[in-house]
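Residue strings, one per chain:
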Amino acid sequence: MKFDPDAELVARVGRGDRAAAQALMARHLPKMLSLARRMLSGQAEAEDCVQEAFLRLWTHAARWKPGAAKFETWLYRVTLNQCYDRLRKKPAAPLEAAAQVADPAPGPEANLVNAALAAEVEAALQTLPERQRAAVLLCHYQGHGNIEAAEILGVGVEALESLLARARRTLRTKLSHLRES
Amino acid sequence: MSEGRNTWTEDAAFADGVLKALPSVAVPPELEARILADFNAVAAKRAPGAVSRFMQRLRDAAWPGAPLWKPASILALSLLIGLTAGAFVPAADLTSPEQTTASADTPSVLDISGDF
């Protein structure tokens, strides 16, 4: 059985331990919010999605059985499923509209180029099919390994590699002008 | 084959590079507060009621650190043995004539009513 660094915290959360809940949040919330934000492109929606995922966690923690699956994998899968639900409910935003959505980056002039670049990358990400987007975000943005990312997506490693290959190709085609610059 | 492999590696490196351009997403304190409020609500709903608290105290007093079914089953088994014995084992009849005669025939150890 693989060691799960979250197992003890989850058990404590199941017993109503608030400090454990805060520790789990501190450990996972930033990455979950980043993932949801890049999947959905809207900050408010991403926050709702992550809040819903944590609510699932609080509700199910008492019944969590260590060893069945790695907790982090389960949590990311719940987050992604929340993202998929929201994506299916709303119509896809056109590329031009997505390109205009920029993060509120700090600093004025020096960050303008970076902000524009980020907006372009985000717009290109939004054009990817949802599973390709999730795959590329898990592996290239969040730094998960292929095996772990495949488990989160609920697919085999080969299927993940196929998703990744198509996503990378599309990104490279859409952002080819960045490559020259 | 190696050209395909090169393209695959270049695509991966490109994806790594462009996704690094995305800024990190800061967690707003309000979101943390909302999530913790959810936790408090779930924990409050899960908190035991008055009956559960009484049972918990009883359990701790009767058999600390273990479920109540252990002492309860021992008591139930004792009761069952007692009832079975009461129902099936014949009781000695203290009023039977043989016992009365035998008792009357037995000389008293210390008879203070007789002459010395």
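To be clear, the structure that these remarks concern was listed above.
Residues numbered from 1 in each chain as written. Chains lettered and ligands numbered in written order. Predicted model: local features only at pLDDT ≥ 70, side-chain atom pairs only at ≥ 80, totals over all residues. Heavy atoms only, no water.

**Here we look at the overall build of chain B**
Thought 1: Along chain B, the regular secondary structure elements total five helices and zero strands.
Thought 2: For chain B, the N- to C-terminal ordering of α and β elements is α-α-α-α-α.
Thought 3: Within chain B, buried positions represent 16% of all 116 residues.
Thought 4: Here chain B displays about 9,100 Å² of accessible surface, and carbon together with sulfur accounts for 66% of that area. (Helix = DSSP H or I, 4+ residues; strand = E, 2+ residues; numbered from the N terminus. Buried < 20%, exposed > 50% of the residue type's maximum accessible area, 1.4 Å probe, protein only. Areas by Shrake-Rupley, 256 points an atom, 1.4 Å probe, with all protein chains shown as cover.)

**Details of the nonpolar core**
Residues and elements named next belong to chain A.
Thought 1: Judged by nonpolar contacts, the single largest core of 66 residues is most densely connected at Met-39, Phe-54, Trp-58, Leu-80, Leu-153 and Leu-160.
Thought 2: Among the elements that take part in this core, helix α2 (residues 18-40) stands out by supplying 11 residues, more than any other.
Thought 3: Lining this core are residues from two domains, each supplying at least three of them: domain 1 (7-96) and domain 2 (110-180).
Thought 4: Dropping the residues within four chain positions of it, Leu-80 is found in contact with Leu-35, Met-39, Ala-134, Leu-138, Ile-152 and Leu-153. (Core = buried A, V, L, I, M, F, W, Y, C linked by side-chain atoms within 4.5 Å. Domains from an automatic or database assignment. Contact = heavy atoms within 4.5 Å.)

**Some details on the interface of chain B and chain A**
Thought 1: With 27 residues of chain B at the interface, the matching set in chain A holds 42 residues.
Thought 2: One can count five salt bridges joining chain B with chain A.
Thought 3: Put simply, chain B and chain A have 11 residue pairs in polar contact (both at pLDDT 80 or more) between them.
Thought 4: Of all the secondary structure elements, the ones that give two or more residues to the side of chain B that touches chain A are α1 (2-20) and α2 (29-46) of chain B.
Thought 5: When grouped by side-chain class, the residues that make up the side of chain B that touches chain A number 18 nonpolar, two polar and seven charged. (Salt bridge = Lys/Arg side-chain N within 4 Å of Asp/Glu carboxyl O. Polar contact = N/O pair within 3.5 Å; in protein donor to acceptor, adjacent residues only side chain to side chain. Nonpolar A, V, L, I, M, F, W, Y, C, P; charged D, E, K, R; others polar.)

**Describing helix α4 (residues 69-88) of chain B**
Thought 1: When the terminal C-alpha atoms of α4(B) are compared, their 28 Å separation across 20 residues agrees well with the 28 Å that a helix rising 1.5 Å per residue should span.
Thought 2: In terms of residue burial, α4(B) counts as a barely covered element, since only one of its 20 residues are buried. (Expected span 1.5 Å × (residues − 1).)

**Quick word on the side chain of Arg86(A)**
Thought 1: Here Arg86(A) lies in helix α4 (residues 71-89).
Thought 2: In this structure, Arg86(A) is buried with no salt-bridge partner, the nearest side chain bearing the opposite charge being Asp48(A) at 5.0 Å. (Lys, Arg positive; Asp, Glu negative; His and termini not counted.)

**Quick notes on the environment of Glu8(A)**
All names here are of chain A.
Thought 1: One can find Glu-8 in helix α1 (residues 7-14).
Thought 2: What makes Glu-8 exposed here is its relative accessible area of 57%.
Thought 3: Taking the C-alpha atoms as reference, Glu-8 lies 8.8 Å from Ala-20; in sequence the two are 12 residues apart.

**A word on the pattern of salt bridges**
Thought 1: With the rule as written, the count across this model stands at 12 salt bridges over all chains.
Thought 2: With its nearest N and O atoms 2.5 Å apart, the salt bridge here joins Arg88(A) to Glu130(A). Within this pair, whereas Arg88(A) is found in helix α4, its partner Glu130(A) is found in helix α7 (residues 130-141), the two being separated by 42 residues in sequence.
Thought 3: Salt bridges here are not isolated pairs; linked through shared partners, they connect Arg169(A), Arg172(A), Glu10(B) and Asp11(B).

**Notes on the packing of helix α3 (residues 43-60) of chain A against α2(B)**
Thought 1: At a minimum axis distance of 10 Å, the contact between α3(A) and α2(B) shows a crossing angle of 25°. With respect to their mutual orientation, α3(A) and α2(B) come out roughly parallel. The interaxial crossing formed by α3(A) with α2(B) has right-handed handedness. Residues Glu47(A), Asp48(A), Val50(A), Gln51(A), Phe54(A), Leu55(A), Trp58(A) and Thr59(A) of α3(A) pack against Leu31(B), Arg34(B), Ile35(B), Asp38(B), Phe39(B), Val42(B) and Arg46(B) of α2(B).
Thought 2: Residue classes in the contact of α3(A) with α2(B) are distributed as eight nonpolar, two polar and five charged. (Axes fitted to C-alpha atoms, helices over the stretch in contact; angles between N-to-C directions. Parallel < 35°, antiparallel > 145°, perpendicular 65-115°, else oblique. Left-handed = near helix turned anticlockwise from the far one by under 90°.)

**Here we look at the packing of aromatic side chains**
Given two aromatic rings, one states the distance between the centres and the angle between the planes to describe the pair.
Thought 1: In this structure the tally under the stated criterion is five aromatic pairs over all chains.
Thought 2: Seen from their ring centres, Trp64(A) and Trp74(A) are 5.7 Å apart, and the 55° between their planes marks the pair as tilted. Pair noted here: Trp64(A) is in the loop between α3 and α4 and Trp74(A) is in helix α4, with a separation of 10 residues, a long-range link.
Thought 3: Ring geometry for Phe71(A) and Trp74(A): centres 5.9 Å apart, planes at 35°, overall tilted. Remark: Trp74(A) and Phe71(A) occur in helix α4; sequence separation between them is three residues, near one turn of the helix.
Thought 4: An aromatic cluster is defined as three or more aromatic residues linked by ring pairs; in this entry it consists of Phe54(A), Trp58(A) and Phe39(B). (Phe/Tyr/Trp six-rings, centres within 6.5 Å; stacked < 30°, edge-to-face > 60°.)

**Overview of the environment of Leu75(A)**
All names here are of chain A.
Thought 1: Among the structural elements, Leu-75 can be located in helix α4.
Thought 2: Remark: the alpha-carbon pair of Leu-75 and Leu-57, spanning 18 residues in sequence, is separated by 7.5 Å.
Thought 3: Residue contacts for Leu-75: discarding those within four places in its chain leaves His-28, Met-32, Ala-53 and Leu-57.

That's the geometry; what it means functionally is another story.
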